[in-house]
Amino acid sequence: MSRATLVAVLLLLAIATSNFIDTQSGSSSTDPATHTPDLYMINAAITQFSPIGQPQHDIAAIRMNHYPLTNVTTLTAPDLNLYNQTGNAPWQIEATEGRMLPKALLREQTVELWDDVLALQARRDGEFISIRTESLRVLPDSDYAETQDRVIIDDTGSRTVAAGMQAFLSTNRFVFDSDDMQRVHTILLPRDQQDRPG
């Protein structure tokens, strides 16, 4: 092999190696599939209306970040209000963190909340229902919520502790779960011993 051929091969190898290194190191910054937000909002609120123009639900947060790769919106200090059309008082649901998953072919719009979740329905007559848990999955269009974490449900005269729950919020119907560590446990309290959350 001649000296000129050897130099040419080494030069081509150096150029190919340099291009390979450049494409590998630059792919993270120019790749459109990176997981960075394309939109953020500070102290934002979004309201969803029914077909007849009544508010169905709204959500507010200190910060909302939308990620185009997954079409997920993360929430800091979310506050979700569900206004049902049955005439019952609305549900107010707060948490430290959360995220919104958009409607998809096999899933309706979902709001996932975690860290110190509190859901409260307070009526004008003083009656209330509160739900405390560490995580809650909410389907706002169906007025439905569920958790697989330990949950405490208080109302005006009782407290129920369970390993998880499904809540049909428009009718205030609950299905409680138990496991080996946590059985469903309900106690009835006199009205003067029940503390109202909030």
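Residues numbered from 1 in each chain as written. Predicted model: local features only at pLDDT ≥ 70, side-chain atom pairs only at ≥ 80, totals over all residues. Heavy atoms only, no water.

1. Observations concerning the side chain of Asn65
Put simply, the test is: In this description a helix means any DSSP run of H or I spanning at least four residues, a strand means any run of E spanning at least two, and both kinds are numbered starting from the N terminus. In the analysis that follows, any N or O atom pair within 3.5 Å is treated as a polar contact, provided that within protein one partner can donate a hydrogen and the other can accept it, and provided that, for residues neighboring in sequence, both atoms belong to side chains. The contact criterion used throughout is that any non-hydrogen atoms of two residues lie within 4.5 Å.
With respect to the helices, strands and loops of the structure, Asn65 is situated in strand E2 (residues 55–67). There is a polar contact of 3.0 Å between the side chain of Asn65 and the side chain of Arg63. Excluding residues that lie within four positions of it along the chain, Asn65 makes contacts with Pro37, Leu39, Tyr40, Val72, Thr73 and Thr74.

2. Some remarks on the pairing of strand E7 (residues 110–122)
The condition that has to hold: Strands are labelled as partners when DSSP assigns at least two bridges between them.
The sheet contact formed by strand E5 (residues 91–94) and E7 spans three bridges and is antiparallel. Across the sheet, the residue bridging to Glu94 is Leu118, located in E7. Relative to E7, strand E6 (residues 97–101) is paired through five bridges, and the arrangement is antiparallel. Along E7, the bridge assignment pairs Gly98 with Leu113. The pairing of E7 with strand E8 (residues 128–139) spans 10 bridges and is antiparallel. Within E8, the residue paired with Gln121 across the bridge is Ile129. The antiparallel pairing of E7 with E8 creates a hairpin that spans five residues between the two strands, and Gly126 there sits at a positive phi of about 95°.

3. Considering a negative patch on the surface
Quick note on the threshold: Only residues whose relative accessible area exceeds 30% and that form no salt bridge are eligible for patches; like-charged ones are grouped when within 9 Å, while nonpolar side chains (Val, Leu, Ile, Met, Phe, Trp, Tyr) are grouped when within 5 Å. Only the protein chains shown count as cover for residues, and the accessible areas themselves come from Shrake-Rupley with a 1.4 Å probe. Put simply, a salt bridge is a Lys or Arg side-chain nitrogen that is within 4 Å of an Asp or Glu carboxyl oxygen. Positive: Lys, Arg. Negative: Asp, Glu. His and the chain ends are not part of the count. By convention, the point assigned to a charge is CZ for Arg, NZ for Lys, CD for Glu and CG for Asp. A simple rule labels every residue: compare its accessible area, found with a 1.4 Å probe on the protein chains alone, to the largest value its type can have, and call it buried under 20%, exposed over 50%, or partly exposed in between.
A contiguous patch of negative charge, built from Asp115, Asp116, Glu134 and Asp149, is present on the exposed surface. Here Asp149 is to be found in the loop between strand E9 (144–147) and strand E10 (151–155). Asp149 gets classed as partly exposed once you look at its relative accessible area, which sits at 31%.

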